Amino acid sequence: MPKNSYNASIEEVEHQFQTNTTSGLSNAEAKERLLKNGYNEFEKKKHRSLIAKFFDQFKSFMILVLLAAAIISGIVGLLEGEGISDALIILIIVILNAIIGVFQEAKAEKSLDALEKMSAPHCKVIRDGQVVILESSELVIGDIVILETGDMVPADMRLIEAINLKIQEAALTGESVPEEKFTQPIEGELALGDQHNMAFSSSNVAYGRGKGIVTATGMQSEVGKIASMIQSVPETKTPMQQRLNKLGKILAVSALIICVAIFIVGVLYGRGILEMFMIAVSLAAAAIPEGLPAVSTIVLAVGVQHLAKRNAIIRKLPSVETLGSTSVICSDKTGTLTQNRMTVVKLYADGKLQDVPNSYEGNLNTHENLLRTAILANDARQSNENKKENIGDPTETALLDLGLKYGMAKDKVEQKYPRIAEIPFDSDRKLMTTIHRETDKLLVAVKGGLDELLTCCNRIYEDEKIRPLTDEDKKSIFEANTQMAENALRVLAVAFKLIDSLPEEMIPELLEKELIFVGMAGMIDPPREEVKAAVEKCRNAGIKPVMITGDHKITAIAIAQSLGIMQKNDRAFTGLEIEKMSEKELEKNVPNIAVYARVSPEHKVRIVKAFQQNNNIVAMTGDGVNDAPALKLADIGVAMGITGTDVSKEAADVVLTDDNFATIVSAVEEGRRIYDNILKAIQFMLSTNIGEILVLFIAVMANWKSPLLPIHILWINLVTDSLPALALSFDPAEADIMQRKPIDSRKGIMTRPFTIRIFLQGIMITVLTLIAYSVGLQTNIETAQTMTFAVLAFSQMVIIFSIRSGYHTVFNGMFKNKFLLIAIAIVFALMIVVLLIPALQSVFRVTSLTNTHWYWVIGLSLLPFPITEMAKLIRKIVVKK
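Everything numeric here is computed off the predicted structure, so don't read it as measured data. (Residues numbered from 1 in each chain as written. Predicted model: local features only at pLDDT ≥ 70, side-chain atom pairs only at ≥ 80, totals over all residues. Heavy atoms only, no water.)

(A) How the structure looks around the overall build of the protein chain. Helix and strand content of the protein chain: 35 helices and 26 strands. Sequence separation of at least 24 residues holds for 72% of the intrachain contacts in the protein chain that already meet a minimum separation of 6. (Helix = DSSP H or I, 4+ residues; strand = E, 2+ residues; numbered from the N terminus. Contact = heavy atoms within 4.5 Å.)

(B) Representation of the environment of Lys604 in the model. As for its position among the elements, Lys604 is in helix 24 (residues 601-613). In the structure, Lys604 is positioned 27 residues away from Leu631 in sequence and 9.2 Å away in space, judged by C-alpha atoms.

(C) Region of interest: the sheet that holds strand 24 (residues 618-622). Spatially, the eight strands line up as an open sheet ordered 8-26-25-24-9-21-23-22, and their pairing is mixed. Because the sheet does not close on itself, it has two edges, and the strands there are strand 8 (312-314) and strand 22 (571-574). This sheet shows a mean twist of 20° between the axes of neighbouring strands, independent of strand direction. Looking at chain direction, strand 25 (residues 636-640) and strand 26 (residues 654-656) are connected through three bridges and run parallel. Each residue of the ladder has a partner; that of Met640, found in strand 26, is Leu656. Of the strands in this sheet, strand 21 (544-548), strand 22 and strand 23 (593-597) are in contact with helix 21 (residues 553-563), which crosses strand 23 at around 145°. In the packing of helix 27 (residues 661-701) onto the sheet, the strands contacted are strand 8, strand 9 (328-332), strand 24, strand 25 and strand 26, and the crossing angle to strand 9 comes to about 160°. (Pairing = 2+ DSSP bridges. Axes fitted to C-alpha atoms, helices over the stretch in contact; angles between N-to-C directions.)

(D) Broad picture of the packing of aromatic side chains. Summed over all chains, the structure comprises five aromatic pairs. Aromatic side chains Tyr461 and Phe496 sit 6.1 Å apart centroid to centroid with 70° between the ring planes, which places their arrangement in the edge-to-face category. Of this pair, Tyr461 sits in strand 17 (residues 457-462) while Phe496 sits in strand 19 (residues 490-499), and the two are 35 residues apart along the sequence. A residue is classified by how much of its surface remains accessible, and Tyr461, at 17% relative accessible area, is buried. Taking relative accessible area as the criterion, Phe496 reaches 7% and is therefore assigned buried. Ring centres of Phe730 and Phe819 lie 4.0 Å apart, and the angle between their planes is 25°; on these two criteria the pair is classed as stacked. Placement of the pair is Phe730 in the loop between helix 29 (722-727) and helix 30 (752-777) and Phe819 in helix 32 (residues 818-836), with a sequence separation of 89 residues. (Phe/Tyr/Trp six-rings, centres within 6.5 Å; stacked < 30°, edge-to-face > 60°. Buried < 20%, exposed > 50% of the residue type's maximum accessible area, 1.4 Å probe, protein only.)

(E) How the structure looks around the packing of helix 20 (residues 531-540) against helix 27. The N-to-C vectors of helix 20 and helix 27 enclose an angle of 30°; their axes lie 8 Å apart at closest approach. By the angle class used here, helix 20 and helix 27 are roughly parallel. You can see that helix 20 and helix 27 cross each other, and the crossing is left-handed. Counted together, Val531, Ala534, Val535, Lys537 and Cys538 of helix 20 and Phe661, Ala662, Val665 and Glu669 of helix 27 form the full contact between these two elements. Among the residues forming the contact of helix 20 with helix 27, the class breakdown is seven nonpolar, no polar and two charged. (Parallel < 35°, antiparallel > 145°, perpendicular 65-115°, else oblique. Left-handed = near helix turned anticlockwise from the far one by under 90°. Nonpolar A, V, L, I, M, F, W, Y, C, P; charged D, E, K, R; others polar.)

(F) Inspection of helix 34 (residues 851-862) at higher detail. An ideal rise of 1.5 Å per residue puts 16 Å on 12 residues; helix 34 measures up with 17 Å between its terminal C-alpha atoms. The set of residues buried in helix 34 consists of His853, Trp854, Val857, Leu860 and Ser861. An end-on view of helix 34 places all buried positions within 135° of arc, on one side of the element. Away from its buried face, by an angle of more than 90 degrees, helix 34 presents the exposed residues Asn851 and Tyr855. (Expected span 1.5 Å × (residues − 1). Arc of directions from axis to C-beta.)

(G) Structural detail: the pairing of strand 10 (residues 343-349). Most of strand 10 sits inside the fold, with five of its seven residues counted as buried. Relative to strand 20 (residues 515-524), strand 10 runs antiparallel, the two being bridged by six bridges. From the neighbouring strand, Val344 faces strand 20, where its bridge partner is Met523. Two strands pair when backbone bridges link them, and strand 10 and strand 11 (residues 352-355) are joined in this way by four bridges, in the antiparallel orientation. Looking across to strand 11, one finds that Leu347 is bridged to Gln354.

(H) Spatial organisation of the pairing of strand 7 (residues 204-216). Direction of pairing for strand 3 (residues 144-148) relative to strand 7: antiparallel, over a ladder of five bridges. Note that in strand 7 the partner of Val145 across the bridge is Gly212.

(I) Layout of the side chain of Thr19. Turning to its location among the elements, Thr19 is positioned in the loop between helix 1 (10-16) and helix 2 (27-37). Judged by relative accessible area, which is 13%, Thr19 ranks as buried. Within the structure, Thr19 has its side chain in polar contact with the backbone oxygen of Gly142 (distance 2.7 Å). Those residues in contact with Thr19 that sit more than four places away from it in its chain are Glu14, Gly24, Leu25, Gly142, Ile144 and Ile213. (Polar contact = N/O pair within 3.5 Å; in protein donor to acceptor, adjacent residues only side chain to side chain.)

(J) Quick peek at the nonpolar core. Counting 81 residues, the largest nonpolar core has Ile477, Phe517 and Met520 as its most contacted members. Considering each element in turn, this core owes the most residues, 12 residues, to helix 27. Leave out the neighbours within four places in its chain, and Phe517 touches Tyr348, Leu450, Leu453, Leu454, Cys457, Arg459, Ile460, Tyr461, Ile477, Ala493, Val494 and Ala495. (Core = buried A, V, L, I, M, F, W, Y, C linked by side-chain atoms within 4.5 Å.)

(K) Inspection of the pattern of salt bridges at higher detail. For the structure shown, the criterion picks out 27 salt bridges. With its nearest N and O atoms 3.8 Å apart, the salt bridge here joins Arg209 to Glu161. Here the residue Arg209 occupies a position in strand 7, and Glu161 occupies one in strand 4 (residues 156-168), the gap between them amounting to 48 residues. In this structure Arg209 comes out as partly exposed when scored by relative accessible area, which is 44%. (Salt bridge = Lys/Arg side-chain N within 4 Å of Asp/Glu carboxyl O.)

(L) The arrangement of a nonpolar patch on the surface in detail. A cluster of nonpolar side chains, Ile756, Phe759, Leu760, Ile763, Val767, Ile771 and Trp856, forms an exposed patch at the surface whose accessible area comes to about 630 Å². At six residues, the largest contribution of residues to the nonpolar patch is made by helix 30. (Patch = residues over 30% accessible without salt bridge, like charges linked within 9 Å, V, L, I, M, F, W, Y side chains within 5 Å. Areas by Shrake-Rupley, 256 points an atom, 1.4 Å probe, with all protein chains shown as cover.)

(M) Examining the state of the cysteines more closely. The full count for this structure, using the stated rule, is zero disulfides. Free cysteine Cys456: the closest other cysteine sulfur is in Cys457, separated by 6.5 Å. With a relative accessible area of 14%, Cys456 lands in the buried category. (Disulfide = S-S within 2.5 Å.)

(N) A look at helix 20. By the burial criterion, the buried members of helix 20 are Val531, Ala534, Val535 and Cys538. Down the axis of helix 20, the buried side of the element spans an arc of 100°, and every buried residue falls inside it. The exposed set on the far side of helix 20, more than 90 degrees from its buried face, consists of Lys532, Ala533 and Glu536. Turning to helix 20, the residues buried within the fold contact strand 9, helix 13 (333-337), strand 21, helix 21 and helix 27. Looking one or two places after helix 20, you find Gly542, whose phi comes out positive at around 80°.

Below you can see the structure in the form of structure tokens.
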């Protein structure tokens, strides 16, 4: 018995599944099989409760550190009799962060729900010799199912009858044209799209009718395997999530070491244990940027709004940042890189192969007979709602579309040449014939495969004359056909003849002979016009574009070359070739492969994994059911909003509302802008925190009274840090943002140059605040603490302008970010209120300053401006040298 159903004969399949092709299963046998194998539906993972999803949000190391800081802060507040307001503020931030995260959960659950919606609700089945209509969930292996035009296939089946049967399998295989089906066994190991004697669950019958023996149901069907693959794909953390977690650990460990060191030094100086514990906790609060998780979340949320305006809907917040780190885009061909609409691009008539012009400009003589015949021998029709749209088989609608372009609408042509008889297309003769009335004669219109049609011709129509068909003509015709085939065009040939009356028998042998050859039409699912520029932009940005498709290799290569995806030294592989590779071999080869053809869902997942093993951040685009597992596994899954299936949309992180590959490039640009702005926020917050740490550290080591109180530190971290950092999310992108290489996913946030910049700014803040402390100390400790607090807060408002660009002057685009200007104005106003209003002075434990003190505060706060500008100037000179 052959291993695969498509290798077996009908009799062998009938025997294997213990059924009868005429009478089907008995109801008793069907019930038994239903109990044994279960319903024809998808298994569901148990949905997690909202509480479980909520607590999952607290797994981030940074969040855990903040919770610990809140608890310690609360305990210290109670011991000091100051209450737990500081701890409550931290807790509120953490809880809001968790609530936002809960609403981004459960993609796999939604994917399975969408898969269920796709399954056919009812189907026609033969049971006990009778045709009955059943719910598709009651279908069992061995059932005989009847298929008709318009039906959705309810389960995987081996076809036992196929009369002009064509099934649309684009969602599973990626092939835009319906697959022609037959019943004969096929030899060898075949990809899904080449199993022409099989019908698969959730595909659609586009033409004809047939019957099949059910070979797999539910989770065992091809679409069911995809459902189980979606369930089994592990959740992946985004690069920014990984980097922030790593940063959180570094900060926490650093804070712990410094706190312990300061605590020990203070105790050795003879200070009280409780006093030193308080200072150590203050230092811990200074080390951890409490607002960072909230700022990064809100920065991403703002990015989501920007992307929505650019036709990209983000389903998961961190995905925005991942887009900016993307180094490989694996794109499905059909409907993503191409228009998902077959289009005639070449015509052969009068001995010439010509491109189809963009519009008809007057002379129809050369192509009129070819077009008229192709429109007549055609079962596609015009839409009732929109007469400029056609419905039917894609190859036939392509011919009608061309007719509309040339002003030859089908309804008008058929009014002049009404159809009176026909011989439908079948897969054996590969021809379709229609007979039409033309004044006192009958016009026979024939279209089909070139080899089959040319054997039926003995004459040729050329230059508006009919003459005998010669060997030279045949040579020219075959050369044109070869040229079109090499460009991956699907070719249909057209012929006609005139007869006096209908024959007594409507059989091909009588009508499909002594035909007059008219010409050929070459068609393809053409690339989207804007994709070529988008691909070039990807390459300039250091992103590798890759085509992954279920279509034929020659077609995929032609499209990939025309778009610039496949270049010199790039290779193309088929699914069967990938099947033979080990994981290591695939990982070694992926950098040089630009096209993957005839691939299955399992292959797509392997390809994505191989790229990820090469330290790439992978974006996978797609629109079919077959793309869902790879979309979910990829670092960023991008689904098509118009042509995409519900399954692909729910499995994806991003949905493109315009199905435009170019929108992905815009999304990548936005992702890079957001990444830059998060780095700016981190640099701004950490440089201030380092300034605070060093001020407290030096004060303890020098056995001074603390320059900053816990409430000052918390206010700076949550207000004067967070508001301007948040406003940085609106900073526009740098002009050269898409000329850079992608960010290396192996690198953390704290790269050497980035760390150096943060520490230098932190040291600058430390020096300025200690000068303020020293000046204020000449009056009293309250004045010293007030001046330290004021200089620390106001100097941040100056430093933030230099942080916006590490190279350009602050005057370059200084006023482009109005939100930053508003945030600085708010912080400035709040600080003035805190420092000047007596009621708030007592809450924040600050005192009124004299004019002289204010001059010192203003001067020290403005000093970072000339210092940072001088540093940028020196850097420019060094870089130029």
